[in-house]
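The lines below spell out each chain.
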Amino acid sequence: MDERYDPARVERAAQDYWDSRQVFAAREGVRGDKYYCLSMFPYPSGRLHMGHVRNYTIGDVLTRFMHMRGANVLQPMGWDAFGLPAENAAMANGVPPAKWTRDNIAYMKRQLQSLGLAIDWSREFATCDPEYYRWNQWLFLRMLEKGIAYKKTGVVNWDPVDLTVLANEQVIDGRGWRTGALIEKREIPMYYLNITAYADELLEALGELPGWPERVRTMQANWIGRSVGCEIAFPYADDTTAAMGGAGVLKVFTTRADTLFGATFMAVAAEHPIALAAAARDPKLAAFVDECRRGSTMEADIATQEKRGLPTGLHVRHPFTGAPIEVWVANYVLMAYGEGAVMGVPAHDERDFEFAGRHGIPIVTVVRSKDGAYERVVAPWIPAYGEAGVTVDSGEFSGLESDAAVEAIAAALAARGLGARRVQYRLRDWGISRQRYWGCPIPLIHCPACGDVPVPDADLPVVLPEDLVPDGSGNPLAKTPAFVDCTCPKCGGAARRETDTMDTFVDSSWYFLRFACADNADAMVDARTQYWLPVDQYIGGIEHAILHLLYSRFWTRVMRDLGLVTLDEPFRRLLTQGMVLNHIYYRHPEGGRRSYYNPADVEMRDGVPVLIADSQPVVHDGLGTMSKSKGNGVDPSQLVEEFGADTARLFMMFTAPPEQSLEWSDEGVQGAYRFIRRLWKAVHDLVAQGPVPTADFGALGAAHRALRRLTHETLAKVTDDIGRRYTFNTAIAANMELLNAATRTSTADAVGRAVVREAFEVIVLTLSPIIPHVTHVLWQALGHATALIEEPWPRPDPAALVREEIELVVQVNGKLRGKVTVAADATDEAIRAAALADVNALRFMGEKPARKVIIVPGKLVNIVVAS
RNA sequence: GCCGGGAUGGCGGAACUGGUAGACGCGCCGGACUCAAAAUCCGGUUCUGGCGACAGAGUGUGGGUUCGAUUCCCUCUCCCGGCACCA
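Okay, so let's go over this structure.

### Overview of the overall build of chain A
Next, step 1: When helices and strands are tallied, chain A shows 28 helices and 35 strands.
Next, step 2: Referenced to the eigenvectors of the C-alpha coordinate spread, the extents of chain A come out at roughly 105 × 85 × 65 Å.
Next, step 3: For chain A, buried positions account for 52% of its 867 residues.
Next, step 4: The long-range fraction of contacts in chain A, counting pairs at least 24 apart against all pairs at least 6 apart in sequence, stands at 72%.
Next, step 5: About 37800 Å² of surface is accessible on chain A, with carbon and sulfur atoms providing 51% of the total.
Next, step 6: Of the charged side chains in chain A, 91 are positive and 107 negative; the average position of the first set lies 2 Å away from that of the second.

Structure follows, in structure tokens:
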């Protein structure tokens, strides 16, 4: 064994061993229970970032741990290869997205391999492989047949200069990122997946996911947003009937039908038919509607913009009193939610209250507070106004509790055909059409004679041409006759191929299924999914808590209903890892753009951050996720080159528990490296003393017995930390303590060396999931002929854990005042007596008698005296 | 704006079910080794008072429940994630 730790050499040796024996290739039905551990596959952006390193190390630790526990593990890897960055790169460099993407995959794969992950690479695929995305297309056609996929219009960000649809991130302050032009909302036909049909099941099944973090389940439940309420139809008054060219009703949804008699205005979205009809005859209104069409489609923007509205001059009639109610156009009502219209009840809804106040709309109190919080609603708003109570001034429905009033009003509305109880979801159907090139083509053909015709299964996949280069003005597919021009499969006439591609969330909604059978060229999935699925442990960023995970749960159910798989939930356990953060430093020259500096190039001098290169100060802008734009990234490959993959992995796992955000620290990396070197040296020094004979652990001196106890206590703790708690940081800390204790223990005699070796073996075995390379080599150095990867996870020796005495804390009135040592099996009476004899405790009790003595077994004694 | 989460020494974090606050690591201080430095090793390190034994205070803010609260409840502040076309 070398005296010096050489990470490059150690890592090459370990990786060569694993590769040559293909130890991570997974086969169905061998060994014990299957364990499918999956980390969210990366987008091939060019280089691995630290978030990836963290994600994949967490997955690898669990994979290797379960392998040692005897499970038949599968840890696959692939590439989420379609998406916008490839098009942006193409515009910047003129390289086709396909080439850029595949080059990135090749580079990042080498980076991943350098980390020594226990991945079965034989199952690798990229979502831009036609053999993968053909099944997106195939399943889309099945959904079309079943009515799960359908066509309707949707709103997009339209750049009027580039004549192109922009993604939300390409809209900055309501303007196009390249053109600076004011963005317009534009309605275009799109394909949707009917996820709302599964809303109830997706919501209820959250209760059957105990392996998911509570917060993710809460976020999904809120996102689905099931609310039970009432649909109410307000018949058009004569003016509206005239404007709309016929009689009709304005429909709204409300959870507070009990406040119906307090409705003093109606608010509709700018795109609502009544708004458009009114705008046609009112230039001021037309200008306002036009203005509402500008700006981004993002909910955060809409929710934070100033709430504005304009009256239409048109009216609807109250369904019971027939009283006219004026219809307003409001920029905070969204056409996509519910009916695109709401009833305004200023007295009992805060937003309506504000709107009414600003526009001089009357406030009519129709609910009386049950606890007398108010009599009449008057400004300013208090939360009690919005709470349930007893109805007043509501005609025949007065004097009812809110719940009962909702029931009675709903029943009466139903009897008149003007409403009904209804369940409404906040969740909207999933629009999957993207007016973009680098994605999975939607397999449809538009025929002038036959309409929209599905591409026959035999013609799948519709292959995306890989040599196009987008230029920022629309979808290049639409300008490629070889792609667009086709014949109608029905009538054989000339037709146009659909040029929209699918949302990339489609690609990631079932890739976890494909890993079970990636080599099947004839079917989307096969029986091997029965064996491997569900994913036993899924690991990924918290930023995917809603969309990706919800879409995957939905897609899995669609495949179930089509008879392709038998499972409901794809992910049994979920671990949401926190972000990797680093400091942000910049300078902002007068009139210029901010320039960012990497924290590695900055140092603190007299409490001021300065750029090392020129010693001039820079501005510290807090912590942020590592990103190219903030210039605060750290390159994993440089890290691996300098310190080795084990140091990178150890630092990542030690610095914070997986669910928390992790702060980058160069000193922390040094500390991790130092620990590995200390471990290496400790093992080297022991081995250098010659072979260690087996010793009788039955008759040990006190120091050796203490180390053995610590060894087995540590083993028990680390097993629990990795296997149950997923707190790898505390598992590492416990092993650091054990190494500290072991290196302080004398190895002068054979017994001492045996006890110390046992401690080292526990450290090497239990840290092997985290630092697999160095432990692989150290295991051999400790004299083992078999490879560490084939070793089972060790079990603590109960005999080593036995204690004769325990130390208890003595408190007086909850404050620590002393400590007593008692026999491990001492009775409560003996503990009480020992505590009451403690000198310091007596000092604080003074003359006062013990009123009560609380004994917490194994922990403490609290003596309660009158204070 | 709405939904979800977080805040503990100089720093990252630990304290798992309401029971010793600060494990472990970093940094810093002192010492050993060295011509010297780096590396390494040993000791110290929440704050305040005290030579010390020890005492008091202390887990973002303010309140509450309890023999006992970092942990449970309410209030406020700041930070982070998501908001449907970034992935």
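### As for the protein's contact with RNA strand B
Next, step 1: Neighbouring residues of RNA strand B: 70 residues in total, closest Arg434, Arg436, Arg724, Arg725 and Asn862.
Next, step 2: Between Asp80 and RNA strand B, the recorded distance is 2.6 Å, taken from a side-chain N or O atom to a sugar or linking oxygen.
Next, step 3: Arg725 has a polar side-chain atom sitting 2.4 Å from a phosphate oxygen of RNA strand B.
Next, step 4: Ranked by residues supplied to the surface near RNA strand B, first place goes to helix H23 (residues 728–744) with six residues.

### Details of the nonpolar core
Next, step 1: Core analysis: the biggest nonpolar cluster contains 169 residues, and Tyr511, Trp555 and Phe760 have the highest contact counts within it.
Next, step 2: Broken down by element, the residue count for this core peaks at 10 residues, all from helix H21 (residues 666–688).
Next, step 3: Those residues in contact with Trp555 that lie beyond four places of it in its chain are Leu139, Met143, Leu193, Trp430, Val506, Ser509, Trp510 and Met524.
Next, step 4: Core analysis: the next-biggest nonpolar cluster, separate from the first, contains 48 residues, Tyr236, Phe261, Val329 and Ala410 among them.

### A word on the packing of helix H7 (residues 214–224) against helix H18 (residues 547–561)
Next, step 1: In the contact formed by H7 and H18, the axes pass within 10 Å of each other and the chain directions differ by 75 degrees. When the interaxial angle is binned, H7 and H18 end up roughly perpendicular. Contacts between H7 and H18 involve Val216, Gln220, Trp223 and Ile224 on the former and, on the latter, Leu547, Leu549, Leu550 and Arg553.
Next, step 2: Looking at the contact of H7 with H18 residue by residue, the class counts come to six nonpolar, one polar and one charged.

About the criteria used
Residues numbered from 1 in each chain as written. Chains lettered and ligands numbered in written order. Predicted model: local features only at pLDDT ≥ 70, side-chain atom pairs only at ≥ 80, totals over all residues. Heavy atoms only, no water. Helix = DSSP H or I, 4+ residues; strand = E, 2+ residues; numbered from the N terminus. Buried < 20%, exposed > 50% of the residue type's maximum accessible area, 1.4 Å probe, protein only. Contact = heavy atoms within 4.5 Å. Areas by Shrake-Rupley, 256 points an atom, 1.4 Å probe, with all protein chains shown as cover. Lys, Arg positive; Asp, Glu negative; His and termini not counted. Charge placed at Lys NZ, Arg CZ, Asp CG, Glu CD. Near = heavy atom within 4 Å. Polar contact = N/O pair within 3.5 Å; in protein donor to acceptor, adjacent residues only side chain to side chain. Core = buried A, V, L, I, M, F, W, Y, C linked by side-chain atoms within 4.5 Å. Axes fitted to C-alpha atoms, helices over the stretch in contact; angles between N-to-C directions. Parallel < 35°, antiparallel > 145°, perpendicular 65-115°, else oblique. Nonpolar A, V, L, I, M, F, W, Y, C, P; charged D, E, K, R; others polar.

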